[in-house]
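So you can see what is in the structure, the chains are spelled out below.
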Amino acid sequence: MLEPLLSQLNSMRIVLASSSKQRADLLRSTNLKFEIVTSDYEENLNPAEYTFSEFVEKTALGKLNAVYEKLKNDSRKSDFIIAVDTMVAHNGRMFGKPKTKEEAVKCISELTQSNIPNSVYTGVVVWYKNKIHTFTEVTTVYMAPLTNAEILAYVETGEPMGKAGGYGIQGVASTFVSRIDGDYNNVIGLPLCRLVLTLKNIILS
């Protein structure tokens, strides 16, 4: 938890560089006061050129830099900017957010019909006083097998769209996630415990 540093942090301007409602809800659970500024960063890195951790950290850094440029001329300067990127890795491949139902069906089919768990990588970049603090959190997710009919029905719920790996563990997908190894919040999109530890270490250092 952030106490007893919460009052100090809440006197600062803290910016979450994300349009994700799930991330904002998780961060609000800490009672931290922050504002949301969305990034217009074009996520176009070539996955073949990076490890999974490098990819999410580089993408998060791109989001952070875009928001920093938006805010740098504000009369009240930012104290913290937090940027995040999440993707799913499975069988040596990266899975981002499906853009069509067809992509979602293909993604969920691969994740649930191979008997191989997937790994959720979240890269977090924190800017504070012109210094960058970066980390990646990884959670392993095991899924029960789904039939083709079940996969189609899941995609029709609309839940896969806009979510890395095409599933939302906090929603309908919880019915076919058999277990996880690691931080549950990381699968939602924000490794809250490690982020809080990072903020505390920055303030106390």
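Everything below is about the structure printed above this text.
Position numbers for residues start from 1 in each chain and track the written sequence from start to end. With the structure being a predicted model, the display of local features is reserved for residues of pLDDT at least 70 and the display and counting of side-chain atom pairs for 80 or more, all residues being used for whole-chain, interface and lining totals. Side-chain measures here rest on the full set of heavy atoms in the structure, leaving out hydrogens and waters.

Draft legend 1. Main features of helix 4 (residues 101-112). Between its first and last C-alpha, helix 4 extends 16 Å over 12 residues, near the 16 Å set by a 1.5 Å rise per residue. Taken residue by residue, helix 4 has Ala104, Cys107, Ile108, Ser109, Leu111 and Thr112 as its buried positions. Whether two residues touch is decided by their heavy atoms; if any such pair falls within 4.5 Å, the residues are in contact. Numbered from the N terminus, helices here are DSSP runs of H or I no shorter than four residues, and strands are runs of E no shorter than two. Packing partners of the buried residues in helix 4 comprise strand 3 (80-90), strand 4 (93-95), strand 5 (118-128), strand 6 (131-143) and helix 5 (148-156). Helices are assigned an expected span. That span is 1.5 Å times one less than the residue count. Buried means the residue's accessible area, taken with a 1.4 Å probe over protein chains only, is under 20% of the maximum for its type, while exposed means over 50%, and partly exposed covers the values in between.

Draft legend 2. Spatial organisation of the pattern of salt bridges. By definition here, a salt bridge exists when the distance from a side-chain nitrogen of Lys or Arg to a carboxyl oxygen of Asp or Glu is within 4 Å. Applying the stated criterion to the full structure yields 11 salt bridges. Glu69 is the partner of Lys72 in a salt bridge, and the nearest nitrogen-oxygen pair spans 2.7 Å. On the accessibility criterion, Lys72 (36% relative accessible area) is partly exposed. One salt bridge connects Glu110 with Arg93, and the closest N-O pair in it is separated by 2.7 Å. Placement of the pair is Glu110 in helix 4 and Arg93 in strand 4, with a sequence separation of 17 residues. Under the relative-accessibility criterion, Glu110 is labelled partly exposed at 23%. Taken together, the salt bridges that share partners define one network made up of Arg13, Glu35 and Asp74.

Draft legend 3. Representation of helix 7 (residues 192-204). Its 13 residues place the ends of helix 7 18 Å apart at the C-alpha level, agreeing with the 18 Å of an ideal helix rising 1.5 Å per residue. Taken together, the buried positions of helix 7 are Leu192, Leu195, Val196, Thr198, Leu199, Ile202 and Ile203. Along helix 7, the residues classed as buried sweep out an arc of 160° about the axis, all on the same side. The exposed residues of helix 7 that point more than 90 degrees off its buried face are Cys193, Asn201 and Leu204. Buried residues in helix 7 make contact with helix 1 (6-9), helix 2 (21-28), strand 3, strand 5, strand 6 and helix 6 (184-188). Arc definition: it is the arc formed by the directions from the helix axis to the C-beta atoms.

Draft legend 4. Representation of the packing of aromatic side chains in the model. Side-chain rings of Phe, Tyr and Trp, where Trp is taken by its six-membered ring, are said to pair if the distance between their centres is within 6.5 Å; with planes under 30 degrees apart they count as stacked, over 60 as edge-to-face, and otherwise as tilted. Going through the model one piece at a time under the given rule, you end up with 4 aromatic pairs. Plain terms: the ring middles of Tyr68 and Trp127 are 5.5 Å apart, the flat faces sit at 50° to each other, and that makes the pair tilted. With Tyr68 in helix 3 (residues 52-71) and Trp127 in strand 5, this pair connects stretches of sequence that are 59 residues apart. Among the residues examined, Tyr68 registers a relative accessible area of 28% and is labelled partly exposed. In this arrangement the basic side chain of Arg179 is found over the ring face of Tyr142, its NZ or CZ atom lying 3.8 Å from the centre. Over a ring means this: the NZ of a Lys or the CZ of an Arg is within 6 Å of the ring centre and within 35 degrees of the ring normal.

Draft legend 5. Representation of the side chain of Thr122 within the structure. Topologically, Thr122 is positioned in strand 5. Taking relative accessible area as the criterion, Thr122 reaches 0% and is therefore assigned buried. Any pair of nitrogen or oxygen atoms within 3.5 Å is treated as a polar contact; in protein, a donor-acceptor pairing is required on top of that, and neighbouring residues in sequence qualify only through side-chain atoms on both sides. A polar contact of 3.0 Å, which involves the side chain of Thr122, links it to the side chain of Thr86. Among all residues touching Thr122, those that are not within four sequence positions of it are Val56, Val84, Asp85, Thr86, Phe135, Thr136, Glu137, Asn186, Gly189 and Pro191.

Draft legend 6. Region of the structure containing the pairing of strand 6. The pairing criterion is simple: DSSP has to find at least two bridges between the two strands. As paired elements, strand 5 and strand 6 share 11 bridges and run antiparallel to each other. Bridge assignment links Thr122 to a residue of strand 6, and that residue is Glu137. Turn length for the strand 5-strand 6 hairpin, with the two strands adjacent in sequence and antiparallel, is 2 residues, and the turn residue Lys129 shows positive phi of about 50°. As judged from the 4 bridges shared by strand 6 and strand 7 (residues 177-181), these two strands associate in the antiparallel manner. Within strand 7, the position partnered with Thr140 by the bridge is Asp181.

Draft legend 7. Region of interest: the nonpolar core. Formed by 47 residues in total, the largest nonpolar core has its most connected members in Leu9, Phe80, Ile82, Tyr167 and Leu195. Here this core takes 6 residues from helix 7, the largest share from any one element. Not counting the four nearest positions on each side in its chain, Ile82 is found in contact with Ile14, Val15, Leu16, Ala17, Val124, Val125, Val126, Leu195 and Leu199. By nonpolar core we mean a set of buried residues, namely Ala, Val, Leu, Ile, Met, Phe, Trp, Tyr and Cys, connected to one another through side-chain atoms within 4.5 Å.

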